[in-house]
Amino acid sequence: MRLTVVGCSGSFPSAESACSSYLVEADGFRLLLDMGNGALGELQRHCGLYDLDAIFLSHLHADHCIDMCAYFVARYYRHDGGPCPPIPVYGPEGTEHRLTTAYADTPTASSMSEVFDFHTVKPSTFDVGPFTVHTERVRHPVEAYGIRVEHAGKSLTYSGDTGLTPVLEDLARDTDLFLCEAAFTHGKENIPDLHLNGREAGETAARAGARRLVLTHIPPWTDPAVNLADAREVFDGPVELAAPRTAYEI
């Protein structure tokens, strides 16, 4: 598998990065994990506008899904032959309604489903193209999911947005690359069931036996160097900060 960081800023885009969006590729298949603010423009650096094969939305906060409204425009009003065929979109209950409401003026109430084939995510295991996908509900104020993507004996785990939960540790068990949010700073914010800090991300990775940790979803007002140092104190494996346009071979 190949993982490319399209955007990794938390809560709102930074001057350097769009919000959460990660491209996973194998065997010519392209799966996008989240499409937050600014991600659609940056995505076009890495693949064609119509080259995605499936999309997973971890939850329905704007910094993880709002550019789906712009992508609707690109697919529905395609200039060379009408709407694109529907692409599978996996998201929490109410994803179609959320996007239709956010867009505010789709031609009809069902227009989104003409270009997006919506599938409701629950804790489960299923296939998406060449990938085997495991999803588990994590701890966040809205319904939110972490995801484990497996292919050819390798695995990638993406936390989405979450507070501390043993579910995430299980999802990341022995994973080759753990892409984990670290929005908070240890000793500063302490809000249960909302976000992790760098130390908590490192501790979760250590308990899970993850082979590599990449910290993501760090808001522009948080010092990423502090979160990186905190994670390294408690996790012995390789740790780094996600950065846009960085790619990993898994």
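What this report covers is the structure whose coordinates are included nearby.

The rules behind these values
- Just so you know, the residues in each chain are numbered from 1, in the order the chain's sequence is written.
- The predicted nature of this model means local features are confined to residues of pLDDT at least 70 and side-chain atom pairs, given and counted, to a pLDDT of 80 or more, with totals for whole chains, interfaces and linings taken over all residues.
- Side-chain figures throughout are based on the complete set of non-hydrogen atoms in the structure, without hydrogens or water.
- When the centres of two rings from Phe, Tyr and Trp lie within 6.5 Å, Trp using its six-membered ring, the rings pair. Their planes under 30 degrees apart give stacked, over 60 give edge-to-face, and anything left gives tilted.
- We count a stretch as a helix when DSSP gives it H or I for four or more residues in a row; a strand needs E for two or more, and each element gets its number in order from the N terminus.
- Throughout this description, the term charge over a ring refers to an Arg CZ or Lys NZ atom that lies within 6 Å of the ring centre and within 35 degrees of the ring normal.
- For every residue, the accessible area (1.4 Å probe, protein chains only) is compared with the maximum for its type, and the residue is labelled buried under 20%, exposed over 50%, or partly exposed between those bounds.
- Only heavy atoms enter the contact rule, under which two residues are in contact if any of them lie within 4.5 Å.
- Buried Ala, Val, Leu, Ile, Met, Phe, Trp, Tyr and Cys residues that are joined via side-chain atoms within 4.5 Å together make up what is termed a nonpolar core.
- By the convention used here, strands pair only if DSSP detects at least 2 bridges between them.
- Axis definition: a line fitted to C-alpha atoms, limited for helices to the stretch in contact. Angles are taken between N-to-C directions and run from 0 to 180 degrees.
- Any Lys or Arg side-chain nitrogen found within 4 Å of a carboxyl oxygen on Asp or Glu counts as a salt bridge.

1. A few points about the packing of aromatic side chains
And step 1. Evaluation of the coordinates by the stated rule reveals 10 aromatic pairs.
And step 2. Seen in terms of ring centroids, Tyr90 and Phe126 are 5.3 Å apart; in terms of plane orientation they differ by 25 degrees. Their pairing is stacked. Of the two residues, Tyr90 is situated in strand E5 (residues 87-91) and Phe126 in strand E7 (residues 124-128); the sequence distance between them amounts to 36 residues.
And step 3. Here the aromatic residues Phe72, Tyr76, Tyr77 and Tyr103 are joined through ring pairs into a cluster of three or more.
And step 4. Sitting over the face of the ring of Tyr50, Arg78 holds its NZ or CZ atom 5.9 Å from the ring centroid.

2. Thoughts on the environment of Gly163
And step 1. Position of Gly163 relative to the elements: it lies in the loop between strand E10 (154-158) and helix H6 (166-171).
And step 2. Accessibility expressed as a relative area gives 1% for Gly163, which makes it buried.
And step 3. Spatially, the C-alpha atoms of Gly163 and Arg139 are 5.2 Å apart, while their sequence positions differ by 24 residues.
And step 4. Setting aside anything within four residues of it in sequence, one finds Gly163 in contact with Arg139, Asp193, Leu194, His195 and Leu196.

3. Some words on the nonpolar core
And step 1. Counting residues in each nonpolar core, the largest one holds 28 residues, and the members touching the most others are Leu31, Leu33, Phe131 and Leu156.
And step 2. If we ignore the near neighbours within four places in the chain, the residues touching Leu33 are Ser21, Tyr22, Val24, Phe56, Ile147, Leu156 and Tyr158.
And step 3. One finds Leu40, Tyr76, Leu99 and Val115 within the second-largest nonpolar core, a separate group that totals 24 residues.

4. Brief notes about the sheet that holds strand E1 (residues 2-7)
And step 1. Taken in spatial order, the 7 strands line up as E6-E5-E4-E3-E2-E1-E14 in an open sheet, and their pairing is mixed. Looking at the sheet topology across the chains shown, the edges are occupied by strand E6 (116-120) and strand E14 (247-249). On average, adjacent strands in this sheet sit at an angle of 20 degrees to one another, irrespective of strand direction.
And step 2. The pairing of strand E4 (residues 54-56) with E5 spans 2 bridges and is parallel. Within E5, the residue paired with Ile55 across the bridge is Val89.
And step 3. With respect to the sheet, helix H3 (residues 67-76) is in contact with E4, E5 and E6, its orientation differing from that of E6 by roughly 145 degrees.

5. A closer look at helix H7 (residues 198-208)
And step 1. The set of residues buried in H7 consists of Gly198, Glu200, Ala201, Gly202, Thr204, Ala205 and Ala208.
And step 2. Elements in contact with the buried residues of H7: H6, strand E11 (177-181), strand E12 (213-216) and helix H8 (224-234).

6. Remarks on the pattern of salt bridges
And step 1. If you walk through the whole model with that rule in mind, you get 15 salt bridges.
And step 2. Between Arg2 and Glu249 there is a salt bridge, with the nearest N and O atoms lying 2.4 Å from each other. Of the two residues, Arg2 is situated in strand E1 and Glu249 in strand E14; the sequence distance between them amounts to 247 residues.
And step 3. It is possible to trace a salt-bridge network through shared partners that takes in Glu169, Asp170, Arg173 and Arg207.

7. Details of the environment of Arg245
And step 1. Tracing the chain through its elements places Arg245 in the loop between strand E13 (239-241) and E14.
And step 2. Residue classification places Arg245 among the partly exposed positions, given a relative accessible area of 49%.
And step 3. Sequence separation of Arg245 and Asn197 is 48 residues, and the distance between their C-alpha atoms is 23 Å.
And step 4. Those residues in contact with Arg245 that lie beyond four places of it in its chain are Val5, Glu42, Arg45 and His46.

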